[in-house]
Amino acid sequence: MTTTLSTLTDKVRPSGRVEEGRRRLTYPAVLLILALALVLLSLVRAVTDQQSLTSADQWGAAMGFAVPIGLAGLGGLWAERAGVVNIGLEGMMMLGLFAAGWIGWQHGPWAAVLAGIVGGALGGLLHAVATVTFGVDHIVSGVALNILALGVVQYLAKLWFAAEGSEALARGGNDKQSPQMERMEPFTVPGVADWLGDLDERNWFLVSDLAGILRAAVHEVSWLTLLTVLIFVGTYLVLWKSSFGLRLRSCGENPQATESLGVNVYLYKYLALAVSGGLAGLGGAYLAVLIRMYQDGQTGGRGYLGLATMIFGNWRPGGVAAGAGLFGFMDVLQTRDRPVVHAMLLLFALGLLGLAVWQFVRGKRLAAVVVAVLAGLMWVWYATTDTLPLELVTASPYLTTLLVLTLFAQRLRLPKAAGRPYRRGQAT
């Protein structure tokens, strides 16, 4: 077994050198970046007088919006690390949302969570049958799954929630939504939440801003948010610190070599897609528990945003979490006043200026000039306007997605065999 694992590590390590060819961020560097980001955010809050930029309500809502996006992104990571592109995350999230709504109004929110995971996992296994067993193109299968899931949940909603004389109809269900389930009570850390709230209200530079952000993590936090954090940590430990994870990742790098070492590649791909679908389904269940029902269209493209976070995060859990936090923050801005979104133009301008300086120091002069020009345009836009059109506010998460992926595309490196057809016996 030791020889097999050593050989398998050697098979994965060459691509790992490509992946880690750029200098990885150390923990002090990460802390420094976070500190600089906090200073920048505090500065923008003070200049624009938009207190909600660092308020506990803003960051608590952002954390809630980030959870389903992060779970979808993590689901995509599991699939693509095993070599299967999962465009069907949106459909799996729909299946999880519907299953959670269906079970939740009858048996409560925790049963809804379990049902959502099962619903999403079934979608993941269907994708596995198409791509792994029958060799269907991964993109075609994923798109087909999204279309199929949409039709299935809409049909079943009419059948189970809107049937004449049914209990579901009597309790408020219809063809667009399920009856309401019980509320899952959030948790609050007593004492700490009140102390941070007092600091937040004082509007001190940096101190109040940090207090507002930290309070969001201890005041009325969903238990599913805590579960999501544990899942992210668990994913890192399983995929990067265990022999199981090494075998699974090798399936996404060199499945032929992995098979030659006695690993059942098909089994690992199936397991990865079941976990992938289950995580996306948990994201859908989170949405159902959040609003206490299934509602048609509630996923709102979060499965696709999850794919964007996976790419932005370079197929690593920490990067996915950072991307989900960014997109969740932008997503929640749609529910805020337009002046808050307008203040984000200044934040982006200063952030891009800092990125331009960093690129210049690294010797990438052309990239630095391009980013600096973009920062200047952002500042001019901020200085010459007082608000933003509602259409731009609504599209802000998707525009942010395009901007981030454009700026960081050069450092991305997907698993080598992701999306490539694989048939058993190719190694012989």
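Computed from a predicted model, the values in this text were never measured in an experiment.

Helix and strand counts for the protein stand at 18 helices and 0 strands. The C-alpha radius of gyration of the protein comes to 23 Å, within 12% of the 22 Å expected for a compact globule of 428 residues. The C-alpha extent of the protein, read off along each of the three principal axes, is 65 × 65 × 40 Å. Looking at the protein as a whole, 48% of its 428 residues qualify as buried. Computed over 32 positive and 26 negative side-chain charges, the separation of the two mean positions in the protein equals 15 Å.

In contact at an axis separation of 7 Å, helix α3 (residues 56–81) and helix α11 (residues 243–253) are set at 70 degrees when each is read in the N-to-C sense. With respect to α11, the element α3 is oriented roughly perpendicular. Judged by residue contacts, Trp78, Glu80 and Arg81 of α3 engage Phe244, Leu248, Arg249, Cys251, Gly252 and Glu253 from α11. Within the contact of α3 with α11, the residues separate by chemical class into 4 nonpolar, 1 polar and 4 charged.

Helix-helix packing is characterised by the crossing angle of the two axes and by the distance between the axes. Closest axis-to-axis distance for the α3/helix α15 (residues 317–332) pair is 7 Å, and the angle between their directions is 135 degrees. As far as their axial angle goes, α15 and α3 are oblique. Where α3 crosses over α15, the handedness of that crossing is right-handed. Of the residues in α15, those in contact with Gln58, Trp59, Ala61, Ala62, Phe65, Ala66, Ile69, Gly70, Gly73, Leu74 and Leu77 of α3 are Pro317, Val320, Ala324, Gly325, Phe327, Gly328, Phe329, Asp331 and Val332. Of the residues assigned to the contact of α3 with α15, the class counts are 14 nonpolar, 5 polar and 1 charged.

Turning our attention to the nonpolar core. Counting residues in each nonpolar core, the largest one holds 61 residues, and the members touching the most others are Phe98, Phe161, Leu248, Val289 and Tyr294. Contributions of two or more residues to this core are made by α3, α4 (89–107), α5 (109–133), α6 (138–161), α10 (223–241), α11, α13 (265–291) and α14 (302–312). No other element matches the 13 residues that α13 contributes to this core. Core analysis: the second largest hydrophobic core is formed by 25 residues, Ala62, Val340, Ala356 and Leu388 among them.

All right, on to the pattern of salt bridges then. As enumerated under the stated definition, the model contains 5 salt bridges in all. Glutamate 253 is paired through a salt bridge with arginine 81; the nearest N and O atoms lie 4.0 Å apart. Within this pair, whereas glutamate 253 is found in helix α11, its partner arginine 81 is found in helix α3, the two being separated by 172 residues in sequence.

End to end, helix α17 (residues 365–383) covers 27 Å across 19 residues, agreeing with the expected 27 Å (1.5 Å per residue, within 8%). The set of residues buried in α17 consists of Ala368, Val371, Ala375, Met378 and Tyr382. The arc enclosing the buried residues of α17, seen along the axis, measures out at 85 degrees, which places them on a common side. Exposed residues on α17 whose side chains face more than 90 degrees from its buried face are Leu366, Val370 and Leu377.

A contiguous nonpolar surface patch, about 330 Å² in accessible area, is contributed by Val39, Leu43, Val47 and Phe205. Tracing the backbone shows phenylalanine 205 in the loop between α8 (192–201) and α9 (207–215). The class for phenylalanine 205 is partly exposed, based on a relative accessible area of 42%.

Turning our eyes to something else, we now look at the packing of aromatic side chains. Considering all chains together, one arrives at 11 aromatic pairs under this definition. Ring centres 5.8 Å apart and planes at 80 degrees place the aromatic pair tyrosine 266 and tyrosine 422 in the edge-to-face group. Here the residue tyrosine 266 occupies a position in helix α13, and tyrosine 422 occupies one in the segment after α18 (390–408), the gap between them amounting to 156 residues. A single burial state applies to tyrosine 266 and to tyrosine 422, both of which are buried. Here the guanidinium or amino end of arginine 362 rests over the ring plane of tryptophan 358, the centre of that ring lying 4.6 Å away.

Here we take up α13. Taking 1.5 Å per residue as the helical rise, α13 with its 27 residues ought to reach 39 Å, and the 40 Å between its terminal C-alpha atoms agrees with that figure. Extensive coverage of α13 is indicated by the burial of 20 of its 27 residues. Where α13 starts, the residue carrying a side-chain oxygen 3.3 Å from the main-chain nitrogen of tyrosine 266 turns out to be asparagine 264. Remark: arginine 292 follows α13 within two positions and exhibits a positive phi of approximately 70 degrees.

What follows is about the environment of valine 85. Within the secondary structure, valine 85 is located in the loop between α3 and α4. Relative accessible area serves as the criterion here: at 13%, valine 85 is assigned to the buried category. Sequence separation between valine 85 and arginine 420 is 335 residues, and the spatial gap between their C-alpha atoms is 8.8 Å. Once you skip the residues sitting within four places of it in the chain, valine 85 turns out to touch Glu80, His127, His138, Ile139, Ala418 and Gly419.

To continue, consider unusual backbone geometry. For leucine 206, which is not glycine, the phi dihedral falls at a positive 70 degrees. In this structure, leucine 206 sits in the loop between α8 and α9.

Bringing the side chain of serine 178 into the picture now. As for its position among the elements, serine 178 is in the loop between α7 (167–170) and α8. With a relative accessible area of 1%, serine 178 lands in the buried category. Only 2.8 Å separates the side chain of serine 178 from the backbone nitrogen of tyrosine 294, close enough to count as a polar contact.

Conventions used here
- Residues numbered from 1 in each chain as written.
- Predicted model: local features only at pLDDT ≥ 70, side-chain atom pairs only at ≥ 80, totals over all residues.
- Heavy atoms only, no water.
- Helix = DSSP H or I, 4+ residues; strand = E, 2+ residues; numbered from the N terminus.
- Rg over C-alpha atoms; globule rule 2.2 N^0.38 Å.
- Buried < 20%, exposed > 50% of the residue type's maximum accessible area, 1.4 Å probe, protein only.
- Lys, Arg positive; Asp, Glu negative; His and termini not counted.
- Charge placed at Lys NZ, Arg CZ, Asp CG, Glu CD.
- Axes fitted to C-alpha atoms, helices over the stretch in contact; angles between N-to-C directions.
- Parallel < 35°, antiparallel > 145°, perpendicular 65-115°, else oblique.
- Contact = heavy atoms within 4.5 Å.
- Nonpolar A, V, L, I, M, F, W, Y, C, P; charged D, E, K, R; others polar.
- Left-handed = near helix turned anticlockwise from the far one by under 90°.
- Core = buried A, V, L, I, M, F, W, Y, C linked by side-chain atoms within 4.5 Å.
- Salt bridge = Lys/Arg side-chain N within 4 Å of Asp/Glu carboxyl O.
- Expected span 1.5 Å × (residues − 1).
- Arc of directions from axis to C-beta.
- Patch = residues over 30% accessible without salt bridge, like charges linked within 9 Å, V, L, I, M, F, W, Y side chains within 5 Å.
- Areas by Shrake-Rupley, 256 points an atom, 1.4 Å probe, with all protein chains shown as cover.
- Phe/Tyr/Trp six-rings, centres within 6.5 Å; stacked < 30°, edge-to-face > 60°.
- Lys NZ or Arg CZ within 6 Å of the ring centre and 35° of its normal.
- Polar contact = N/O pair within 3.5 Å; in protein donor to acceptor, adjacent residues only side chain to side chain.

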